[in-house]
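Listed below, chain by chain, are the residues.
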Amino acid sequence: MSPWLQAYLTPSKQAVQFAVKATLAMLLALYVALWCDLERPYWALISAAFLQIRPMSGMVVEKGLSQIVGTVIGCAAGIAIMALFVQAPVPALVVLTLWIMLCTYGSSLLRNNASYGCIMGAVTAMLIVVIGASQPSGIFGIAVARLSELALGALCATLVSSLLWPIKVRDHLGQQADAVVNQAFQHAARRLTDSSDLGELQSTLTGSLEPLTQLEIDSQAARYEGPEGAGRIRASHVLTRHTLRLMATLHALQQLLHHYGDRLDPTIHELADEIAEGFRLSAEASGVGQAHRRLHDLRHRILECPDENASALQLRVIIGLREALGHALVMLDARDAISRPGRKRLRGVALAWHRDHLAAGLNAVRAGLIFATLASFWMATAWNNGQVAMLLGTLFSAFFASRDNPVMICMMFAKGMLAAIPSAFLFGHVLLSQASGFPMLAMIFLPPLFLGLLGAANPRLMGYCLAFTIGNILLTMPGNGMDFSFDSFINRAIAVMIGLAAVVTGFRLIPGFGPTLRKKRLVGAIVRDLRHLPNRPIHEAETRFIGGMADRLLHLAKHDDMLPEDQRHLFTLGLTGLDIGYACLQLRRRLDDLPGTELRRAQRGFFAALARAYAASARGHASDEVRRAGDALIETLHDQPSLSERRRTLLAGLVERLDLSLQRQAERARTSRMPSRAAQAGPA
């Protein structure tokens, strides 16, 4: 069935509840705004609509606070700009452009609702400067009015979200955690059976990482749902950390099972197959307890597996299987703690995120150019409705900048706004002009908003339907002194389309970085983190590396999907980087407490060699530097009497495995380039 038919003919219960809640929040905001005789009540409606996009109670509170803080900062910035340049409009607009660029830059670097707060800081400052240009004596009043309208919308959205069909963040986090654990366990089952289906491996990995990164962001809103919120946040951090550790361990295990399987005892293969089946069944289990018991029994079996006379290779596989099951059990504990944080006390710290300052700078430049173009047009024409175009240009150039395909999203919003023009004309002008009193206004004005919100509950239709809803509000501009003239309506409609056209043109003329450059920057970020691993305390180093790698793996997997089948290597490139980083952290845990200046120097040299070899492997170049630096490190360990011979053998095996892994990665990268070079060369 078409998503449009499904959304409107057979809507789900959740979609109807979402539309009703958002419509009631806007109704309440409009009534209070009209009763208080606020200057622009439609801002309260837009505020309430945006806050209801993700209607979980804690998220509404968090987003509302971010919106109010961003609005206060934007008010202060706007007042400061007008205080300095009240008689100089051009310098005022130049400084305002720089402020919008700064806010867009900050929004591009942040991951939670603070990003939305940055956007509101840019929009609020723009409104104060632009509206205040015609009434400079009332700047403070304009700032108070904007803050009042937006705060009213946030308050109404929070009240309705808490009282009517409340959705708790804890339930939302539990669903995300289930997706993370189940997909990770499916990935583990495929890895341990040595699956050669790269597509399946990649889909289960991204199927776990996508909700995992969203879980890290959304978990911060749990603090607004009572004292147990802090425990849920810590559990989310633990789940993220151990999921990525599991991915690194599984990548290393598959390499050993695939490339050295003939040198392993048949019982090891049988044990790996049994553990793979345990992971698969645990992913399909109905509860955490059943999965925990199954994996705990398997770990007990692997702990009883004799390893005294095992070869170094077999010993490394056994230890890897133990580690994988250990991480899986901690993941299940973290999943349980997200739902019931009082039963388990887990320790976890917030992870760092991958931040691309160059991409954020490009987004800021684009937003500045879009606003400067619209502001120049406004000044040249002295068009009153030019502020509507500038509003949309400022809002959407920052709001869409961090999306994967901003041009497509802009076109969706443009179509939704176009559909809103006849709707707003019929309901907001022809019919509403005949109404008297608030009940009639609500009965005529709110039905198209409800229909738009009903469709917006479907993620595939959200771009069209949310734009339709906002378009109806902006084109109608409900208030106590409404202007129902046809020319004012057409002016607003033209301003809306000019603003959207400027945003689409900006994203087309200044697109984001291409996949080649983004891949280089992602690899460069991994290399920098690998180089810095020995320079920070181990917990801080792990927090920075593990947190950033979740994002980078997702980006590399998405870039891989764009390549032809025979050129895909970025997925394994990201996993190789994760494996190397995790191995370096393991080495630090075992060697940092040992004495000796020579050991410290050899350890740092080995880490630096790994970083350089990883960068070379991404370009398709193999290097023997890791083997030489690893041999030097092993040599210094002979002077450590506290280190057993068994441990030295394991470390030597780790060095050999990392070196071979980088050699194979270089070969994969080199092979993936051959088809493209052959295609460029053409027929002989």
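Up top you'll find the structure we're talking about.
So, here's what we can say about the structure. Keep in mind the model is a prediction, meaning the values are calculated, not measured.

Counting its secondary structure elements, the protein chain contains 25 helices and 0 strands. Here the C-alpha radius of gyration of the protein chain, 29 Å, is about what a compact globule of 684 residues would show, namely 26 Å. In terms of its C-alpha atoms, the protein chain occupies a principal-axis envelope of roughly 90 × 55 × 50 Å. Relative to its full complement of 684 residues, the protein chain shows a buried share of 56%. Residue pairs in contact within the protein chain that sit at least 24 positions apart in sequence constitute 80% of those at least 6 positions apart. Total accessible area on the protein chain stands at roughly 28,500 Å², and carbon and sulfur atoms take up 59% of it. The average position of the 67 basic charges and that of the 53 acidic charges among the side chains of the protein chain differ by 5 Å.

Moving on, we come to the pattern of salt bridges. A side chain with one charge can pair with a side chain of the opposite charge if their charged atoms come near. This model, assessed by the stated rule, comprises 24 salt bridges. D336 is paired through a salt bridge with R340; the nearest N and O atoms lie 2.6 Å apart. Look at D336 and you get buried, because its relative accessible area is 7%. As a salt-bridge pair, R627 and D659 come within 3.1 Å of each other at their nearest N and O atoms.

What follows is about helix α23 (residues 597–618). Since the α-helix advances by 3.6 residues per turn, residues separated by three or four positions end up pointing in the same direction. The end-to-end C-alpha separation of α23 is 32 Å, in line with the 32 Å expected for 22 residues at 1.5 Å each. Directly beyond the C-terminal end of α23, a positive phi value near 90° is found at G620.

Given two aromatic rings, one states the distance between the centres and the angle between the planes to describe the pair. Counting across every chain of the model gives 14 aromatic pairs. A centroid spacing of 5.3 Å and a plane angle of 50° characterise the contact between F425 and F489, whose relative ring orientation is tilted. Of this pair, F425 sits in helix α16 (residues 406–431) while F489 is found in helix α19 (residues 486–509), placing the two residues 64 residues apart along the sequence. Since its relative accessible area comes to 31%, F425 is described here as partly exposed. Among the aromatic residues, those joined into a ring-pair cluster are F50, Y116, F396, F399, F400 and F413. Just above the ring of Y116 sits the side chain of K63; from NZ or CZ to the centre is 4.7 Å.

Next up on the list: a nonpolar patch on the surface. A cluster of nonpolar side chains, namely F425, L426, V430, L431, F486, I490 and I494, defines an oily patch on the protein surface of about 550 Å² accessible area. At the level of elements, α16 and α19 are the ones that each hand at least two residues to the nonpolar patch. For the nonpolar patch, the leading source of residues is α16, giving 4 residues.

Ranked by size, the top nonpolar core spans 109 residues in total, and within it L239, F279, L578 and F606 carry the most contacts. Per-element tally for this core: the top contributor is helix α13 (residues 312–339), with 13 residues. Setting aside chain neighbours within four positions, we find F279 in contact with F185, A188, A189, L192, L295, A324, L325 and A328. Membership of the second largest hydrophobic core comes to 103 residues, among which are W43, I100, L374 and M417.

As a packed pair, helix α4 (residues 57–85) and helix α5 (residues 89–109) sit with axes 9 Å apart at the nearest point and diverge in direction by 155°. Relative to α5, α4 is oriented roughly antiparallel. The chirality of how α4 crosses α5 is right-handed. Between α4 and α5, the contacting residues are I73, A77, I81 and F85 on the first element and P89, P91, A92, V95, L96 and W99 on the second.

Here Y105 is to be found in helix α5. Of the residues examined, Y105 reaches a relative accessible area of 27% and is grouped as partly exposed. Between the C-alpha atoms of Y105 and S485, which are 380 residues apart in sequence, the distance is 40 Å. Look past the residues within four positions of Y105 in its chain and what remains in contact with it is H357, A360, G361 and A364. Among the polar contacts made by the side chain of Y105, one reaches the side chain of H357 at a distance of 2.7 Å.

Rules behind the numbers
Residues numbered from 1 in each chain as written. Predicted model: local features only at pLDDT ≥ 70, side-chain atom pairs only at ≥ 80, totals over all residues. Heavy atoms only, no water. Helix = DSSP H or I, 4+ residues; strand = E, 2+ residues; numbered from the N terminus. Rg over C-alpha atoms; globule rule 2.2 N^0.38 Å. Buried < 20%, exposed > 50% of the residue type's maximum accessible area, 1.4 Å probe, protein only. Contact = heavy atoms within 4.5 Å. Areas by Shrake-Rupley, 256 points an atom, 1.4 Å probe, with all protein chains shown as cover. Lys, Arg positive; Asp, Glu negative; His and termini not counted. Charge placed at Lys NZ, Arg CZ, Asp CG, Glu CD. Salt bridge = Lys/Arg side-chain N within 4 Å of Asp/Glu carboxyl O. Expected span 1.5 Å × (residues − 1). Phe/Tyr/Trp six-rings, centres within 6.5 Å; stacked < 30°, edge-to-face > 60°. Lys NZ or Arg CZ within 6 Å of the ring centre and 35° of its normal. Patch = residues over 30% accessible without salt bridge, like charges linked within 9 Å, V, L, I, M, F, W, Y side chains within 5 Å. Core = buried A, V, L, I, M, F, W, Y, C linked by side-chain atoms within 4.5 Å. Axes fitted to C-alpha atoms, helices over the stretch in contact; angles between N-to-C directions. Parallel < 35°, antiparallel > 145°, perpendicular 65-115°, else oblique. Left-handed = near helix turned anticlockwise from the far one by under 90°. Polar contact = N/O pair within 3.5 Å; in protein donor to acceptor, adjacent residues only side chain to side chain.

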